[in-house]
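Secondary and tertiary structure notes
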Amino acid sequence: MGNAALINMSGVDSQDSYTLIEASSDYIVIDKSPGVNLHRNYAKQSLVDILNADFPGINLHLVHRLDDATSGLLLLAKNPEAAAELGALFANREIEKYYLALADGKPSKKQGSVVGDIKKSRSGSYLLSRTRSNPSVTQFFSYSLGSGRRAYLLKPHTGKTHQLRVVMKSLGTAIIGDNRYGPTSQESDRMYLHATALRFRFRGEQRVYVSLPKFGELFADGGLATALLDCQSPWALPWPSLN
């Protein structure tokens, strides 16, 4: 169990692919850097390749995923038994996940929940539908940063493809730096979505991990103080009703 302290962005090598948060006997928790690919796809090396090299003799198992452009906490099991247990916790929505995002513009609502099916469009991207046959569920708070910019603390209850990016677009405020769902003319040093916290019970013990964002000029904005403070214990907030 552990909480990762905020690391000064100027003191971190931007080429690092991850920071190790914890290595237990059954899993590791890392803070993935933005832009690092989990799988090889078209790259010669993936984050999984790097991790397997850094943990020789251990076959690490992904039990959840982050988009390449997203930074933050990622959990990998060290053995098949732990992978099955952790995978079941994710599938049964027993692992709390919290994310921090930045966006420009006025949202359709400043806090609440967003529920709806996520469907693939003809372009290959995803969109939020008003139907609810197998809906994504997301709760959120937002914080004014001035100059039309807001921070969003997001709590997804489901794990649909591109869920948070699609939800933010549905609010009329695509995540800054999101090249797929945001303005194509927008330039940014990264996509401003970071997985800040995980909380779950594993083998009788409460596990809590928090890691605030390290990379990105906009994450260094002093106006983020309230949002970053809330990110350190997001489960304690009065989350909007799902009804």
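Structure: above.
The present account deals with the structure reproduced in this document. (Residues numbered from 1 in each chain as written. Predicted model: local features only at pLDDT ≥ 70, side-chain atom pairs only at ≥ 80, totals over all residues. Heavy atoms only, no water.)

On to the nonpolar core, then. In terms of nonpolar packing, the biggest core is built from 50 residues, with Leu51 and Leu154 touching the most fellow members. With six residues, the top contributor of residues to this core is strand S5 (residues 96–104). If sequence neighbours within four positions are ignored, Leu154 has contacts with Lys97, Tyr98, Tyr99, Ala101, Thr138, Gln139, Phe140, Leu164, Met168, Leu193 and Trp239. Counting residues in each nonpolar core, the second largest holds 16 residues, with Ala82, Ala83, Leu198 and Phe202 among its members. (Core = buried A, V, L, I, M, F, W, Y, C linked by side-chain atoms within 4.5 Å. Buried < 20%, exposed > 50% of the residue type's maximum accessible area, 1.4 Å probe, protein only. Helix = DSSP H or I, 4+ residues; strand = E, 2+ residues; numbered from the N terminus. Contact = heavy atoms within 4.5 Å.)

With that settled, consider the environment of Ile30. Position of Ile30 among the secondary structure elements: in strand S2 (residues 27–32). Once you skip the residues sitting within four places of it in the chain, Ile30 turns out to touch Tyr18, Thr19, Leu20, Ile21, Leu47, Leu51, Gly72, Leu73, Leu74 and Leu76.

Turning to helix H2 (residues 80–91), a few remarks are in order. The terminal C-alpha atoms of H2 lie 16 Å apart, and with twelve residues this matches the ideal 16 Å at 1.5 Å per residue to within 8%. All buried positions along H2 are accounted for by Ala82, Ala83, Leu86, Leu89 and Phe90. Buried residues in H2, looked at end-on, bunch into an arc of 130°, giving them a common side. Set apart from the buried face of H2 by more than 90 degrees, the exposed residues are Pro80, Ala84 and Ala91. Packed against the buried residues of H2 are S2, strand S3 (61–62), strand S4 (71–77), S5 and strand S11 (193–202). (Expected span 1.5 Å × (residues − 1). Arc of directions from axis to C-beta.)

A separate point is empty space enclosed by the protein. Per the stated rule, a full pass over the model turns up one cavity of 30 Å³ or more. Estimated volume of the largest cavity: approximately 30 Å³. Looking at the largest cavity, the residues that line it are His64, Leu73, Lys97, Tyr98, Tyr99, Ala195, Thr196, Ala197 and Leu198. Broken down by secondary-structure element, the contributors of at least two residues to the lining of the largest cavity are S5 and S11. Considering every element that reaches the lining of the largest cavity, the biggest residue donor is S11, with four residues. Residues belonging to the lining of the largest cavity are distributed by class as follows: six nonpolar, two polar and one charged. (1 Å grid on protein atoms, 1.4 Å probe; cavity = no way out; pocket = protein on both sides within 12 Å on 5 of 7 lines; lining within 4 Å. Points joined across faces, edges and corners; volume = space filled by probe spheres on them. Nonpolar A, V, L, I, M, F, W, Y, C, P; charged D, E, K, R; others polar.)

Comment: phi is negative for the bulk of residues other than glycine, and the bulk of peptide bonds are trans. One non-glycine residue, Arg93, adopts positive backbone phi at about 60°. Given the relative accessible area of 52%, Arg93 is considered exposed.

This part takes up helix H1 (residues 47–54). Two residues of an α-helix separated by three or four positions point the same way, owing to the 3.6 residues in each turn. For H1, every residue scored as buried is listed here: Leu47, Val48 and Leu51. The buried residues of H1 all sit within an arc of 95° when viewed along its axis, so they share a single face. Along its buried surface, H1 packs onto strand S1 (18–23), S2, S3 and S4.

The next thing to look at is the side chain of Arg190. Within the element layout of this structure, Arg190 appears in the loop between helix H3 (163–170) and S11. Of the side chains bearing the opposite charge, Asp189 lies closest to the buried Arg190, which forms no salt bridge; the N-O distance is 6.2 Å. There is a polar contact of 3.0 Å between the side chain of Arg190 and the backbone oxygen of Leu193. Apart from the residues lying within four places of it in its own chain, the contact partners of Arg190 are Pro34, Ala69, Thr70, Ser71, Ile176, Gly177, Phe215, Gly216 and Phe219. (Lys, Arg positive; Asp, Glu negative; His and termini not counted. Salt bridge = Lys/Arg side-chain N within 4 Å of Asp/Glu carboxyl O. Polar contact = N/O pair within 3.5 Å; in protein donor to acceptor, adjacent residues only side chain to side chain.)

The space that makes up the largest pocket amounts to roughly 820 Å³. Considering the residues around the largest pocket, the lining is formed by 29 residues, among which Arg65, Leu66, Tyr99, Gly159 and Lys160 are closest to the centre. At the level of elements, H2, S5, strand S10 (149–156) and H3 are the ones that each hand at least two residues to the lining of the largest pocket. Residues of the lining of the largest pocket, tallied by class, amount to ten nonpolar, ten polar and nine charged.

Scanning the model with the defined rule gives nine aromatic pairs in all. Three or more aromatic residues joined by ring pairs form one cluster here, namely Tyr27, Phe200, Phe202 and Tyr209. Sitting over the face of the ring of Tyr192, Arg190 holds its NZ or CZ atom 5.5 Å from the ring centroid. (Phe/Tyr/Trp six-rings, centres within 6.5 Å; stacked < 30°, edge-to-face > 60°. Lys NZ or Arg CZ within 6 Å of the ring centre and 35° of its normal.)

All right, on to the pairing of S2 then. In terms of burial, S2 is largely enclosed, as six of its six residues are buried. The side-chain alternation of S2 yields two buried faces, one formed by Tyr27, Val29 and Asp31 and the other by Ile28, Ile30 and Lys32. Of the strand pairs in this sheet, S1 and S2 are connected by five bridges, and their pairing is antiparallel. Note on S2: the bridge partner recorded for Ala23 is Ile28. Connecting the antiparallel pair S1 and S2 is a turn made up of three residues. As paired elements, S2 and S4 share six bridges and run antiparallel to each other. When the sheet's bridge partners are listed, Val29 is paired in S4 with Leu75. (Pairing = 2+ DSSP bridges.)

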